[in-house]
Amino acid sequence: MNWDDARVFLAVCRESTLRGAARVLGVDQATVGRRVTALEKSLSATLFLRTSEGYALTAVGEAALQAVEKMEVSALDLQRQIQGLDDRLTGTVRVSTTDSLAIDFLIPAIARLHDKHPDVQVQLDASTQMISLAKREADIAVRNARPDNPDLIARRIARWPVGLFASRGYVDAHGVPEPGSAFEGHDLVVYQPYLAGNKEMTLVSEPLTRGRIVSSLGSGLLVRRSIAAGIGVGEIPVYMGERDGLVRLWPERTRPVPYDVWLVTHADLRHTARVRAVIDEIVAGFSGTGE
């Protein structure tokens, strides 16, 4: 007898009717009746006598009741142990994000968390690969794409316009591109996934047709570092460009779609103490950056 069957058996024992058991279990009466019949068939035993006053235990049913009550005690004990662990600020929380967000926000958040709750360990994965929270590959994700899975809780924690940037050294050596010139005479660094997915790629709505793509990078952090190194002109979130001390070009222009940062977790994990503590520190780190 598995625990699901045991719960049905106990409910019928205690309520004496299918209707009462159905109310306790939160299912319909017919389902309870089918489950009892299937249980008796699987055990090759009659557990209840059907009477005008309800369901009464047979001698076999009374023996089964003693064993099932022990199962219930064990199940409740396990539940209490698990809840106790979840209420304690200890254990591992798995977080997935991008390398750029990890360096600027997640690592400082982990440092603050460690000062407050040293027994909480954060397992941080930083990559461009989308980890599946639905498959429990991570507990929390901090990404720039909102998931469409209804079982996940998503909260936007930042929204940044995306602008055009270059290093001071690049501007001194090459000047500022002319709007409408399609970057003629200028070197460009671009985000490789955008380049692969857009036949007519633009930077802040300016075509790249006359520019020279010097480097295409596989992550946002690499694009930022390449711009800072003076390799070329590139498009990154304004908050990050200003944070890196870069020169913003064409400040009146932004990419049509802003850069959103979403914090995502499982609906059934958001109240777990250690997960909640990590979420609070991450959210605090983004506070005031723009939303």
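In this text, all values refer to a predicted model and were calculated from it rather than measured experimentally. (Residues numbered from 1 in each chain as written. Predicted model: local features only at pLDDT ≥ 70, side-chain atom pairs only at ≥ 80, totals over all residues. Heavy atoms only, no water.)

1. Brief notes about the overall build of the protein
How we decide: Helix and strand assignments follow DSSP, with helices taken as H or I runs no shorter than four residues and strands as E runs no shorter than two, numbered in order from the N terminus. We call a residue buried when its accessible area falls under 20% of the maximum for its residue type, exposed when it is over 50%, and partly exposed in between, using a 1.4 Å probe and counting protein chains only. The criterion used for residue contact is that any of the two residues' heavy atoms lie within 4.5 Å. Accessible surface is estimated by sampling points in the Shrake-Rupley manner with a 1.4 Å probe; for residues, cover comes only from the protein chains shown. In this charge count, Lys and Arg are treated as positive and Asp and Glu as negative; neither His nor the chain ends contribute. Every charge is mapped onto a representative atom, which is NZ of Lys, CZ of Arg, CG of Asp or CD of Glu.
The helix and strand inventory of the protein stands at ten helices and 14 strands. Buried residues in the protein amount to 42% of all 291 residues. In the protein, once contacts between residues fewer than 6 apart in sequence are set aside, the share between residues at least 24 apart is 74%. As presented, the protein carries roughly 15,600 Å² of accessible surface, and 50% of it is formed by carbon and sulfur atoms. Computing the positive centroid from 34 side-chain charges and the negative centroid from 36, the protein places the two 2 Å apart.

2. Considerations on the UniProt feature "domain: HTH lysR-type" (unreviewed entry) in the protein
Applicable threshold: UniProt positions are given in the numbering used here, feature names are shortened, and annotations may be inferred rather than shown by experiment.
Taking the UniProt record as the reference, the feature "domain: HTH lysR-type" (unreviewed entry) is found at residues 1-58. Helix makes up 62% of residues 1-58 and strand 14%, and the two end C-alpha atoms of the span are 17 Å apart.

3. Notes on the nonpolar core
Inclusion rule: Residue types Ala, Val, Leu, Ile, Met, Phe, Trp, Tyr and Cys, when buried and joined through side-chain atoms within 4.5 Å, form a set referred to as a nonpolar core.
Counting 27 residues, the largest nonpolar core has L101, I140, I282 and F286 as its most contacted members. Those elements giving two or more residues to this core turn out to be β3 (91-97), α5 (99-116), β4 (120-126), β5 (140-143), β6 (152-160), β14 (259-266) and α10 (273-286). Among the elements that make up this core, the one with the highest residue count is α10 (seven residues). Dropping the residues within four chain positions of it, L101 is found in contact with L106, V142, W160, M240, Y259, V261 and F286. With 20 residues, the next largest nonpolar core counts V8, V12, A22 and V36 among its residues.

4. What about empty space enclosed by the protein?
A water-sized probe, rolled over the atoms, reveals where empty space remains. What counts is decided by this rule: Only protein atoms enter the calculation, which uses a 1 Å grid: trapped sets of points that fit a 1.4 Å probe without letting it out are cavities, open sets showing protein on both sides within 12 Å along at least five of seven lines are pockets, and any residue with an atom within 4 Å of a point is a lining residue. Grid points are joined across faces, edges and corners, and a volume is the space filled by probe spheres set on the points. Each residue receives one of three labels: charged for Asp, Glu, Lys and Arg, nonpolar for Ala, Val, Leu, Ile, Met, Phe, Trp, Tyr, Cys and Pro, and polar for the others, Gly being one of them.
For the coordinates displayed, the defined rule picks out one cavity of 30 Å³ or more. The volume enclosed by the largest cavity comes to roughly 50 Å³. Taken together, L106, A109, I110, L113, V122, V278, E281 and I282 make up the full set of residues lining the largest cavity. Contributing elements (two or more residues each) for the lining of the largest cavity: α5 and α10. The leading source of residues in the lining of the largest cavity is α5, at four residues. The class makeup of the residues in the lining of the largest cavity is seven nonpolar, no polar and one charged.

5. Regarding the layout of surface pockets
Considered as a void within the structure, the largest pocket measures approximately 420 Å³ in volume. Every residue lining the largest pocket is counted, 24 residues in all, and those nearest its centre are N144, Y191, Y194, G220 and Y259. Elements supplying a minimum of two residues to the lining of the largest pocket: α5, β8 (187-191), α8 (220-228) and β12 (234-237). Tallied by class, residues from the lining of the largest pocket come to 13 nonpolar, six polar and five charged. A volume near 200 Å³ is recorded for the second largest pocket. Looking at the second largest pocket, it is lined by 14 residues, and the ones nearest its centre are M130, I131, L133, P147 and L152. Taken together, the residues that form the lining of the second largest pocket break down as nine nonpolar, three polar and two charged.

6. Concerning the pattern of salt bridges
Going by this rule: A pairing counts as a salt bridge when a side-chain nitrogen of Lys or Arg comes within 4 Å of a carboxyl oxygen of Asp or Glu.
Summed over the entire model, instances satisfying the criterion amount to 17 salt bridges. In this structure, E40 and R50 form a salt bridge, with 2.9 Å as the shortest nitrogen-oxygen distance. Of this pair, E40 sits in helix α3 (residues 29-43) while R50 sits in strand β1 (residues 48-51); the two residues are ten residues apart in sequence, bridging distant segments of the chain. By relative accessible area, E40 is classed as buried at 10%. For R50, a relative accessible area of 41% corresponds to the partly exposed category. Close ionic contact of R276 with D280 constitutes a salt bridge, the shortest N to O distance being 3.2 Å. One end of the pair is R276 and the other is D280, both in helix α10 and four residues apart, which spans about a single turn. Overall, the relative accessible area of 30% leaves R276 in the partly exposed class. Three or more residues are tied together by salt bridges with common partners; here these are D104, R224, R243 and D244.

7. Quick look at unusual backbone geometry
The backbone of S205 sits at a positive phi, close to 70°, despite the residue not being glycine. For W250, which is not glycine, the phi dihedral falls at a positive 50°. Along the chain, W250 turns up in the loop between β13 (247-249) and β14. W250 gets classed as buried once you look at its relative accessible area, which sits at 6%.

8. Focus on the sheet that holds β4
This is how it is decided: Should DSSP find at least two bridges between two strands, the strands are taken to pair. Each axis is a line fitted through C-alpha atoms, and for a helix only the stretch in contact is used; angles between axes span 0 to 180 degrees, taken between their N-to-C directions.
Judged by pairing direction, the sheet is mixed, and its five strands sit side by side in the order β4-β3-β5-β14-β6 without closing on themselves. Looking at which strands have only one partner, the edges of the open sheet turn out to be β4 and β6. Going across the sheet, the axis of each strand differs from the next one's by a mean of 20°, ignoring polarity. Bridge count for β6 against β14 is eight bridges, and the pairing is antiparallel. Residue pairing in the sheet places A158 in a bridge with V261 of β14. Relative to the sheet, α5 contacts β3, β4, β5, β6 and β14, its axis offset from that of β4 by approximately 175°.

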